[in-house]
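Report on the structure
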Amino acid sequence: MDDYFRTRLHDAGGPPTQAMFEFANAAEVPGAEMDSPRVRAVTELFWMIPALDNDLVSRHKEILGHQDDYNVVSILSTAYGIDEEEAVSMATAWRDRMMVLFLRLREQIAAGKASAALRIYLDSLGHGIRANIDWSLRTPRYNTLYQQDGVTPSKHLELCGSFRETPTDSSCAPLPVPSLAWWWSQLD
């Protein structure tokens, strides 16, 4: 399971997206701030949360026959010996716990002696998470099934999302994933 999360952290679109924020905002974060463990943790959370969102959104397509066994749902199902429904609930709870950590850590960093450029960067990370959700619900990557040729659409899926006022898991306890657990140690 730890191998999945370590790999997933770097195989989604987080790193290149995050790298563009400084260019797009014309605000370079000083190296001492960007390289700090707290900023690194919140950045990695930005990479992981959308990756998990994408895993959850893509389940609809996978269930309809476009399989990808390298998904947080199948990983949790296998690791914990639980059915798909329980694994989706667990994945959602873990994602929400990461989002709670992201928001708290981002707030703590911004409330400290963060430069203006760092504050802009931190805001951009939050906008990036939301933008990924919006994109995921509309992109053919997730809402279109293709025929065997991989080019001709055969079915369009209507994806919808909803937002909760409270997370499914708001615990401040680290997840049982060694490569990610250090993120929680960055909270005050």
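I will try to describe carefully the structure that is included in this document. Counting of residues starts from 1 at the beginning of each chain's written sequence and follows it residue by residue. Confidence filtering applies because this is a predicted model: local features only for residues at pLDDT of at least 70, side-chain atom pairs given and counted only at 80 or more, and all residues used for totals across whole chains, interfaces and linings. The basis for every side-chain value is the complete set of heavy atoms in the structure, and neither hydrogens nor water enter the calculation.

Turning our attention to the overall build of the chain. Each helix is a run of H or I in the DSSP string that is no shorter than four residues. Each strand is a run of E no shorter than two, and both are numbered from the N terminus. A count of helical and extended segments in the chain gives nine helices and two strands. Along the chain direction, N to C, the helices and strands of the chain fall in the order α-α-α-α-α-α-α-α-β-β-α. Only protein chains enter the accessibility calculation, which uses a 1.4 Å probe; a residue is then buried when its area is under 20% of its type maximum, exposed when over 50%, and partly exposed in between. Buried residues in the chain amount to 46% of all 188 residues. Note on areas: Shrake-Rupley, 1.4 Å probe, and residue coverage restricted to the protein chains presented here. Just so you have it, the chain exposes about 10,100 Å², and 55% of that area is on carbon and sulfur atoms.

With that out of the way, let us pick up the side chain of S58. Position of S58 relative to the elements: it lies in helix α4 (residues 37-63). On the basis of relative accessibility, which here comes to 10%, the residue S58 falls in the buried class. Side chain to side chain, S58 and N71 meet in a polar contact 3.4 Å long. The criterion used for residue contact is that any of the two residues' heavy atoms lie within 4.5 Å. Every residue in contact with S58, bar those within four places of it in the chain, is listed here: N71 and Y142. N or O atoms within 3.5 Å of each other form a polar contact, as long as, within protein, one can give a hydrogen and the other can take it, and as long as residues adjacent in sequence are counted only when both atoms are side-chain atoms.

Below, the discussion takes up helix α1 (residues 2-11). Within α1, burial applies to D2, Y4, F5, R8 and L9. Along the long axis of α1, the arc covered by the buried residues comes to 155°, so they all point the same way. When the buried face of α1 is taken as reference, the exposed residues oriented beyond 90 degrees from it are D3 and H10. It is the directions from the helix axis to the C-beta atoms whose arc is reported.

Attention now goes to the environment of A93. Position of A93 relative to the elements: it lies in helix α6 (residues 84-111). With 78 residues separating them in the primary sequence, A93 and S171 have C-alpha atoms 9.6 Å apart. In contact with A93, other than residues within four places in its own chain, are T168 and D169.

The subject of this paragraph is the pattern of salt bridges. Charged atoms that come close allow side chains of opposite charge to pair. Every case where a carboxyl oxygen of Asp or Glu lies within 4 Å of a side-chain nitrogen of Lys or Arg is listed as a salt bridge. The tally for this structure, following the rule as stated, stands at 10 salt bridges. Ionic pairing is found between D55 and R8, a salt bridge with its closest N-O pair at 3.0 Å. Taken together, the positions of D55 in helix α4 and R8 in helix α1 put the pair 47 residues apart, joining distant regions of the chain. Each member of the pair, D55 as well as R8, is classed as buried. Of the charged contacts in the structure, one is a salt bridge between D169 and R97, with a shortest N-O distance of 2.9 Å. Highlighted residues: D169 in the loop between β2 (153-156) and α9 (178-181) and R97 in helix α6, separated in sequence by 72 residues.

Let us look at the environment of D123. In this structure, D123 sits in helix α7 (residues 116-138). A C-alpha to C-alpha distance of 9.8 Å links D123 and E107, two positions 16 residues apart in sequence.

Here we come to the nonpolar core. By size, the foremost hydrophobic cluster in this structure holds 44 residues, and its most contacted members are F5, M98, F102, Y121 and W183. Of all the secondary-structure elements, those providing two or more residues to this core are α1, α4, α5 (72-80), α6 and α7. The greatest single-element share of this core, amounting to 10 residues, is contributed by α4. Aside from chain neighbours lying at most four places away, what touches Y121 is Q18, F21, V29, M34, V39 and T43. Nine residue types can take part in a nonpolar core, namely buried Ala, Val, Leu, Ile, Met, Phe, Trp, Tyr and Cys, and a core is a set of them joined through side-chain atoms within 4.5 Å.

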